[in-house]
Amino acid sequence: MKIVALKMLAAQKMLLLLCVGVSLAHDSVASAQLKSIEERLTATEETLKELKRENEALRTITKASSDKLESIQAENKGKKVAFSVGLLASGSDQTGPFDTRTTLIYKKIFTNTENVYDSNTGIFTAPVNGVYFFRFYAHAHSTKQMAVSLYKNDQIQCSVFTEKPVTNTNGSNGVVLSLVKGDRVSTQLWENSWVYDDDNSYTSFSGFLLFPL
Amino acid sequence: MKIVALKMLAAQKMLLLLCVGVSLAHDSVASAQLKSIEERLTATEETLKELKRENEALRTITKASSDKLESIQAENKGKKVAFSVGLLASGSDQTGPFDTRTTLIYKKIFTNTENVYDSNTGIFTAPVNGVYFFRFYAHAHSTKQMAVSLYKNDQIQCSVFTEKPVTNTNGSNGVVLSLVKGDRVSTQLWENSWVYDDDNSYTSFSGFLLFPL
Amino acid sequence: MKIVALKMLAAQKMLLLLCVGVSLAHDSVASAQLKSIEERLTATEETLKELKRENEALRTITKASSDKLESIQAENKGKKVAFSVGLLASGSDQTGPFDTRTTLIYKKIFTNTENVYDSNTGIFTAPVNGVYFFRFYAHAHSTKQMAVSLYKNDQIQCSVFTEKPVTNTNGSNGVVLSLVKGDRVSTQLWENSWVYDDDNSYTSFSGFLLFPL
């Protein structure tokens, strides 16, 4: 009996040690695995933080680019300002003479984006702040004084003038003007002056935006 | 013997309990570690999903911006349309009179982007839909009728005319036209009319795109 | 005693087996958890790599877009070139005649972006390579020869001319020129010629950039 019990004790002891050994070995492997996982996880978390910073930077750049683009597109869209008109819509006629300077009202519309030119008043109104180019052309018959000036609001800018043409006379002038939104540009026939027009459109007025300001 | 065996048993029991205790403690530490790792991993996965959504949004915005940019660049590139030509390449000469209206063929090239103006025919062909500005200048000697009109395809747009100038006469006119790709613009000398040109280039024709449509 | 010892041994054995069992079960659960975590971590690391590649691509596109935008903005900014000037700042006067061709110095400034036109010399200097449009207008009184030419550096480009006007005469001409930065453009009054100007600004000179090259 004693021997049996002692053998059992010995076997139990070995089994116990084995179990403890296996368990410890197990723990040691698991521990190494955990350590590796933890390291990888920490690295992953670091990379994520970095990516978030990158994305934040990307978002900032992308937002700025998108805003710039919109402003360029708006500017490009705003650039599409032009009108071009002839004095008579049809037929042939002298215009003038008048006792006072009189705004010429051109009736034949070649181009008129967004109705910047008002064919009831003869006045172009600047839709945006910017630098614009304007040109006008006047035609007169012999013996008629031809005199036309271009006005920015109520200020004369440039003119054509022929006192007593011996035969038909053609005159043109033009100017680049810096306008603020709402400024009005028109042409005025001087007192005691004539211009002539017919279907050939000798007498005309044009303008367009060069660039917004 | 009994005492020895009992002592061994007691020692074994203590070792066993110790081992179990250590093992359980070990397990408990590992379990806490696992829990913490799992929580961090879950958070990381969430952040990743968020970043992916962000990237998706960024890609969408970036793609849209890139497309807009290309269209702006194409539009800007397409805007580079201009020509400017003088009637005679060299020498001095009267052109006309002819029995019928005749297209003026300008031979001195100042500017001609992408050959929009054809120096064999005198015709400008619109390379893109857009709003264009055209100008022409005519010079005649005394006693010669000067009459030139600008045509869009077969339709007269604007003109200069002097019946019988007493001395040299200069005339110019111009117009802003909305053209579709392929529209042709040219100037025609009227029947029984003259224009004069020499190395000083009095008689010329110019046009350029203001903006595409 | 023997029976007590044997019972203790049996109990110890059971406890031992239980402990080992629990420990192994514990290990098995932990092991499955570890495996799952490792798989998720690996997936996360893969997704991160993918996101980094995506971000790299996004950065490249965003950088390219940002560069393009800057070049478009610089081009748009560089496009804002225009001047427009009248001969006399005030009063009325004949200019000329001179023994030799003389640069006209326009004193009334309508527009002059970044001082591209020098009101001391009468010369416009191209601030950037590009295609420009220039126009000039001349006015003369009867019996005075009117003759003005536009020059690019020292080369004549286009002209207006009236030998002996019977009454006031208006002439205008213009040209589209491709210029390199630093090219100079001006107008010259011919020898033995006059131009007239007053507050109505008949005699003027304008130019603007159509597009950079």
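See the structure above.
For clarity, every value in this text was computed on a predicted model and none was experimentally measured.

(A) Layout of the interface of chain A and chain B. Counting residues at the interface gives 55 residues for chain A and 63 residues for chain B. Taken together, both faces of the contact between chain A and chain B bury some 4,900 Å²; the carbon and sulfur share is 63%. For the interface between chain A and chain B, the tally reads 4 salt bridges. One salt bridge connects Arg-40 of chain B with Glu-45 of chain A, and the closest N-O pair in it is separated by 2.9 Å. Linking chain A to chain B there are 18 residue pairs in polar contact (both at pLDDT 80 or more).

(B) Inspection of a nonpolar patch on the surface at higher detail. Side chains of Val-166 of chain A, Val-166 of chain B together with Val-166 of chain C sit close together on the surface and give an oily, nonpolar patch of about 230 Å² of accessible area. Following the sequence through the fold, Val-166 of chain C ends up in the loop between β9 (155-162) and β10 (169-179).

(C) Fine view of the sheet that holds strand β7 (residues 130-140) of chain B. Residues and elements named next belong to chain B. Pairing within the open sheet is antiparallel, and its 5 strands lie in the order β4-β1-β13-β7-β10. This sheet does not close on itself; its edge strands, each paired only once, are β4 (108-112) and β10 (169-179). On average, adjacent strands in this sheet sit at an angle of 10 degrees to one another, irrespective of strand direction. Here strand β1 (residues 82-86) runs beside β4; their pairing, made up of 4 bridges, is antiparallel. Each residue of the ladder has a partner; that of Phe-83, found in β4, is Asn-112.

(D) Geometry of unusual backbone geometry. All names here are of chain B. Along the chain, Gly-96 connects to Pro-97 via a cis peptide bond; the corresponding omega equals 0 degrees. Inspection of the secondary structure assignment puts Pro-97 in the loop between β2 (93-95) and β3 (102-103). With a phi angle near 55 degrees, Asn-192 is a residue other than glycine that sits in the positive phi range. Mapped onto the secondary structure, Asn-192 falls in the loop between β11 (184-189) and β12 (195-197).

(E) Quick look at the interface of chain C and chain A. In this complex, chain C contributes 56 residues to the contact, which on the side of chain A involves 64 residues. Here chain C packs against chain A, burying approximately 4,900 Å² in sum over the two surfaces, 63% of which is carbon and sulfur. Viewed at the interface, chain A and chain C are joined by 4 salt bridges. In this structure, the connection of chain C to chain A is made through 18 residue pairs in polar contact (both at pLDDT 80 or more). Those elements that provide at least two residues to the side of chain C that touches chain A are α1 (2-78), β1 (82-86), β4 (108-112), β7 (130-140), β10 and β13 (204-212) of chain C. The element contributing the most residues to the side of chain C that touches chain A is α1 of chain C, with 31 residues. Taken together, the residues of the side of chain C that touches chain A break down into 23 nonpolar, 21 polar and 12 charged.

Cut-offs used in this document
- Residues take numbers from 1 onward in each chain, read along the sequence in its written order.
- Going through the entries in the order they are written, you letter the chains from A and number the ligands from 1.
- Only residues with pLDDT of at least 70 get local features here, since the model is predicted, and only at 80 or more are side-chain atom pairs given and counted; chain-wide, interface and lining totals rely on the full set of residues.
- Side-chain numbers here rest on the full set of heavy atoms in the structure, without hydrogens or water.
- Residue contacts are defined here by distance: any two heavy atoms, one from each residue, within 4.5 Å place the two residues in contact.
- Buried area: the sum, over both parts, of the accessible surface (1.4 Å probe) that disappears when the two are put together.
- Just to be clear on terms, a salt bridge is a Lys or Arg side-chain nitrogen sitting within 4 Å of an Asp or Glu carboxyl oxygen.
- Definition of a polar contact: a pair of N or O atoms within 3.5 Å, with one able to donate and the other able to accept a hydrogen when the atoms are protein atoms, and with sequence-neighbouring residues admitted only if both atoms are side-chain atoms.
- Only residues whose relative accessible area exceeds 30% and that form no salt bridge are eligible for patches; like-charged ones are grouped when within 9 Å, while nonpolar side chains (Val, Leu, Ile, Met, Phe, Trp, Tyr) are grouped when within 5 Å.
- Accessible surface is estimated by sampling points in the Shrake-Rupley manner with a 1.4 Å probe; for residues, cover comes only from the protein chains shown.
- Strands are runs of DSSP state E lasting at least two residues, helices are runs of H or I lasting at least four, and both sets are numbered from the N terminus onward.
- We call two strands paired when DSSP finds no fewer than two bridges between them.
- Axis lines are fitted to C-alpha atoms, over the contacting stretch for helices. Their N-to-C directions set the angle, which ranges from 0 to 180 degrees.
- Residue type decides the class: Asp, Glu, Lys and Arg count as charged, Ala, Val, Leu, Ile, Met, Phe, Trp, Tyr, Cys and Pro as nonpolar, and the leftover types, Gly among them, as polar.

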